[in-house]
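Spelled out, the chains give:
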Amino acid sequence: MTAIPILKQREQQIYEKGEAKDGRPFDMACDRHSLAGSVSQRACVFCGSRVVLYPIADALHLIHGPIGCAAYTWDIRGALSSGPQLHRMSFSTDLREQQVIFGGEKRLYQALCDLIDAYRPAAAFVYSTCIVGIIGDDVEAVCRRVSREKGIDVLPVHSEGFRGTKKDGYRAACDALFKLVGTGDTVGIQPASINILGEFNIAGEAWAIRDYYERMGVQVVSVMTGDSRVAEIRRAHGAALNVVQCSGAMTFLAERMTAEYGIPFIRASYFGIEDMAKALYDVAAHFRFDPTLQERAETLVRDAVNGIMPELLRIKADLAGKRAAVYVGGAFKAFSLIKALRLLGMRVVLAGSQTGNSDDYQTLRDMCDPDTVILDDANPLELSKYVIEKGADLFIGGVKERPIAFKLGIGFCDHNHERKISLAGFEGMLHLAREIHTTVTSPVWRFAPFRCKKE
Ligand code: SF4
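It should be emphasised that the depicted structure is a prediction, and the values quoted were computed from it without experimental measurement. (Residues numbered from 1 in each chain as written. Predicted model: local features only at pLDDT ≥ 70, side-chain atom pairs only at ≥ 80, totals over all residues. Heavy atoms only, no water.)

Draft legend 1. Structural view of the pairing of strand β5 (residues 153-157). For β5, a buried count of four out of five residues is recorded, marking the element as mostly surrounded by other parts of the structure. Here strand β4 (residues 123-128) pairs with β5 via five bridges, running parallel. Looking at the pairing, A123 lines up with D153 of β5. (Buried < 20%, exposed > 50% of the residue type's maximum accessible area, 1.4 Å probe, protein only. Helix = DSSP H or I, 4+ residues; strand = E, 2+ residues; numbered from the N terminus. Pairing = 2+ DSSP bridges.)

Here it is as structure tokens:
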């Protein structure tokens, strides 16, 4: 097969770890706008903000823009709520030609008033999309007016898709959240207390993580934003520590809470045995004034690992030596997945992210095996090229990577917001191993056209 070429302008965002290249300084380009015409896998600013805010279950989420933007998030995601389900409704102002020409403020005002009257939300988020940025609607003014008239917080989210990268969407969401933080009371919050940031309760993962911390004796004041409520977010400034998952999404909020309320933060990942255990131990270490937290964490980890290890070892026997491609939103998740896949005897041959920064890529480079390809803001052609060239047996990614894997005739595991199976925590590690085992060892790949041609 002829080698698949890559675009010249993309070369600096692709790195192959190898003996020959390791002589030159590692300086991978990242944090830049996607190259026009390259068909980036990266989602837009609006999507970034929705990822962060959408799981707030008792809030109204109104997308100010054409209906197409709303379709992007129409109940396809797995963020669960233990109570209200309002977050699953993707409301849109459905802007059309007339509003694009004459402005969409009246329609926004009317939609907000009608929806607030109908659903009585605890707060409302209004997402600006590309067209709103172009026509220049004064979304702030409309939100202020409705907030005054209806007596609830109506928060504009400046997430016009073209404003930057998905990371700018995270920042816009954190700006909106920060307006809520500090507006509630902090009565009853104990000294060993945390906020869990960047955990979105996909398939109930936040419930498992929250349960671990509570079994250790740590109070969880809020989860932002998995299964969260507006009232919880309002009192989040009373927690003693912020535990931030995901490298990009909520670090902005954690930094602002440090500056404004003096709350320190640590980073954590809940994927894989090693990182999950570390997330618990790091919190225990922070509250070292209570040594029982550490003792309970050790017991919890020991029992949980003993419970899943026999099956993991059985699965490992089938997966040993298989190759995996990993392309995810945040690089922090990629770190955890590399460790988790190694535990299963697998080798990562491609690792990439949509939003990694230079520190993230340095870490990826250090932890990857020789010959691993590292990609920033990749496109389908590049991913296909390296999956083929590196002989991957498995692709771990999201909804946009799934067709690439299936077209190439290899196993796929969904590790994005659409997944319906919990992959975090100790139980999640077992689910991940089972998922990978099922897909990689499936006999169906023998019949994939790409494989048939090779054989
Ligand atoms: S905000 Fe812009 S880029 Fe994002 S989905 Fe809407 S039109 Fe597309």
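Draft legend 2. Representation of the site of the ligand. Neighbouring the ligand are C44, F46, C69, T129, C130 and G161. Its residues assigned to classes, the shell around the ligand comprises four nonpolar, two polar and no charged. (Near = heavy atom within 4 Å. Nonpolar A, V, L, I, M, F, W, Y, C, P; charged D, E, K, R; others polar.)

Draft legend 3. Representation of the sheet that holds strand β12 (residues 373-376). Reading across the sheet, the six strands line up as β1-β12-β11-β10-β13-β14 and stay open at both edges, with mixed pairing between neighbours. On the outer flanks of this sheet lie β1 (14-16) and β14 (411-414), each paired with one strand and no other. The average undirected angle you get between the axes of adjacent strands in this sheet is 15 degrees. Sheet topology places strand β11 (residues 347-353) next to β12; four bridges connect them, and they run parallel. Residue pairing across strands places A351 opposite I374, the latter belonging to β12. Seen against the sheet, helix α13 (residues 331-343) touches β10 (323-328), β11 and β13 (394-397) and runs at an angle of roughly 160 degrees to β10. (Axes fitted to C-alpha atoms, helices over the stretch in contact; angles between N-to-C directions. Contact = heavy atoms within 4.5 Å.)

Draft legend 4. Here's a closer look at helix α15 (residues 380-390). Within α15 the residues assigned to the buried category are E382, L383, S384, K385, Y386, V387 and K390. Residues of α15 that are buried make contact with β1, β10, β11, β12, β13 and α16 (402-408). Just downstream of α15, G391 is the residue with a positive phi angle, here 65 degrees.

Draft legend 5. Representation of the nonpolar core in the model. Judged by nonpolar contacts, the single largest core of 70 residues is most densely connected at I194, Y213, Y270, L280, F426 and I436. At 10 residues, helix α12 (residues 291-319) tops the list of elements feeding residues into this core. Those residues in contact with L280 that lie beyond four places of it in its chain are Y212, Y213, M216, A297, L300, V301 and F426. The next biggest cluster of nonpolar side chains, apart from the first, holds 42 residues, and it includes C47, A59, A172 and A176. (Core = buried A, V, L, I, M, F, W, Y, C linked by side-chain atoms within 4.5 Å.)

Remember that the coordinates give geometry; whether it matters functionally is a separate question.
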